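Working through the structure, step by step
What follows is each chain in one-letter form.
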Amino acid sequence: ESTREQQEEALEKIARAIEDDTKEAELGKVAARFAKFQGDFPDSKYADEATFSAVLIYNQADELDHAIRMGEIMRAKYSKQAEEELVQRNHLLLAEFYERIADFETSADLYNEFFETYPKHEKASVALYNAAIYYQGLGQTDTAIAKFKTYYTAHAENAAEAAQVYWRTCGLYEFKEDWTE
């Protein structure tokens, strides 16, 4: 390639990056409007939807600090009155957000809480498994074992998966040098 073609290609990449940044900045402004609505009218019948919209849009704009803040507001203020699907989605998103910022203990606690609150939800077993994995990584071996046991006894969809999780649990007992189990 000639130097001119390389320069043109570089300029195109910069233009695309600026366009992407502009879209993200605009998304942040849209999310801020929803957040402002929630702040101005916290008791409105639309406040929960505005709050959750802010969570989603801040996430899309890659503004996790604001997404977490709004997700925590949603959880604290609107969990009892909002549509259950919004509450559940918010709960899982918060666990994911904390995971993304490497706050694994909060993420594990949220995943575990989701499982305990919505044990019949289609994503409950995945949430329990994620909680167990993070507890294991945090060195909370006994808690991880308890979560894995719950998973493989009641929430594995198939025998192969249950066996894999059971095997992981055996490894944790070995790690603890607990030969009784």
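So, here is what we can say about the structure in this document. (Residues numbered from 1 in each chain as written. Predicted model: local features only at pLDDT ≥ 70, side-chain atom pairs only at ≥ 80, totals over all residues. Heavy atoms only, no water.)

1. Overview of the overall build of the protein chain
Applied cut-off: Helix numbers and strand numbers start at the N terminus; a helix is a DSSP run of H or I with at least 4 residues, a strand a run of E with at least 2. Think of it in three bands: residues with accessible area under 20% of the maximum for their type are buried, residues over 50% are exposed, and the middle band is partly exposed, with areas taken using a 1.4 Å probe on protein chains only. Contact criterion: two residues are considered in contact whenever any of their non-hydrogen atoms come within 4.5 Å of each other. Using a 1.4 Å probe, the Shrake-Rupley method yields the accessible areas, and only the shown protein chains count as cover for residues.
Within the protein chain one finds eight helices and zero strands. For the protein chain, the sequential pattern of α-helices and β-strands runs α-α-α-α-α-α-α-α. In the protein chain, which comprises 181 residues, the proportion classed as buried is 35%. Across the protein chain, contacts joining residues at least 24 apart in sequence account for 49% of those joining residues at least 6 apart. Only carbon and sulfur atoms are counted for the fraction: they give 50% of the accessible area of the protein chain, which is about 11,100 Å².

2. Considering the packing of aromatic side chains
We count it as follows: Here a Phe, Tyr or Trp ring, Trp counted by its six-membered ring, pairs with any other such ring whose centre lies within 6.5 Å, and the pair is stacked when the planes are under 30 degrees apart, edge-to-face when over 60, and tilted otherwise.
Going through the model one piece at a time under the given rule, you end up with four aromatic pairs. Ring geometry for Phe37 and Phe41: centres 5.2 Å apart, planes at 45 degrees, overall tilted. A relative accessible area of 28% means that Phe37 is categorised as partly exposed. Measuring from ring centre to ring centre gives 5.1 Å for Phe114 and Tyr118, while their planes differ by 50 degrees; the resulting arrangement is tilted. The same class applies to Phe114 as to Tyr118, namely buried. Through a chain of ring-to-ring contacts, the aromatic side chains of Phe104, Tyr111 and Tyr134 assemble into a single cluster.

3. Here's the deal with the nonpolar core
Here is the rule we go by: For the purposes of this section, nonpolar cores are sets of buried Ala, Val, Leu, Ile, Met, Phe, Trp, Tyr and Cys residues that join through side-chain atoms within 4.5 Å.
Tyr58, Met70, Phe97 and Tyr111 are the most contacted members of the largest nonpolar core, which has 36 residues in total. Only helix 1 (3–40), helix 2 (47–60), helix 3 (64–78), helix 4 (84–100), helix 5 (104–117), helix 6 (124–137) and helix 7 (141–155) provide two or more residues apiece to this core. Of the residues forming this core, the biggest block, eight residues, is contributed by helix 4. In contact with Tyr111, not counting residues within four places along its chain, are Leu92, Ala95, Glu96, Glu99, Ala127, Asn130, Ala131 and Tyr134.

4. Description of the side chain of Asn90
Tracing the sequence through the fold places Asn90 in helix 4. Relative accessible area serves as the criterion here: at 2%, Asn90 is assigned to the buried category. When sequence neighbours within four positions are dropped, the list of residues in contact with Asn90 reads Phe52, Val55, Gly71, Met74 and Arg75.

5. Topic: unusual backbone geometry
Of note in the backbone geometry, Asp62 takes a positive phi value of approximately 60 degrees without being a glycine. Among the structural elements, Asp62 can be located in the loop between helix 2 and helix 3. The backbone of Ala102 shows a phi angle near 70 degrees, a positive value even though the residue is not glycine. Secondary-structure assignment places Ala102 in the loop between helix 4 and helix 5.

6. Remarks on the packing of helix 3 against helix 4
So the rule is basically this: Angles here are taken between N-to-C directions and fall from 0 to 180 degrees, while the axes themselves are lines fitted to C-alpha atoms, restricted in helices to the stretch in contact. In a left-handed crossing the near helix is turned counterclockwise from the far helix by less than a right angle, and in a right-handed crossing that turn is clockwise. Polarity classes work like this: nonpolar for Ala, Val, Leu, Ile, Met, Phe, Trp, Tyr, Cys and Pro, charged for Asp, Glu, Lys and Arg, and polar for all others, with Gly in that last group.
Contact geometry of helix 3 with helix 4 gives a least axis separation of 10 Å together with a crossing angle of 140 degrees. As for the relative orientation of helix 3 and helix 4, their crossing is left-handed in sense. Between helix 3 and helix 4, the residues in contact are Leu64, Ala67, Ile68, Gly71, Glu72, Met74, Arg75 and Tyr78 and Leu86, Val87, Asn90, His91, Leu94, Phe97, Tyr98 and Arg100, respectively. Here the contact of helix 3 with helix 4 is built from residues that sort into 10 nonpolar, three polar and three charged.

Without other data, these values stay purely geometric and don't point to any function.
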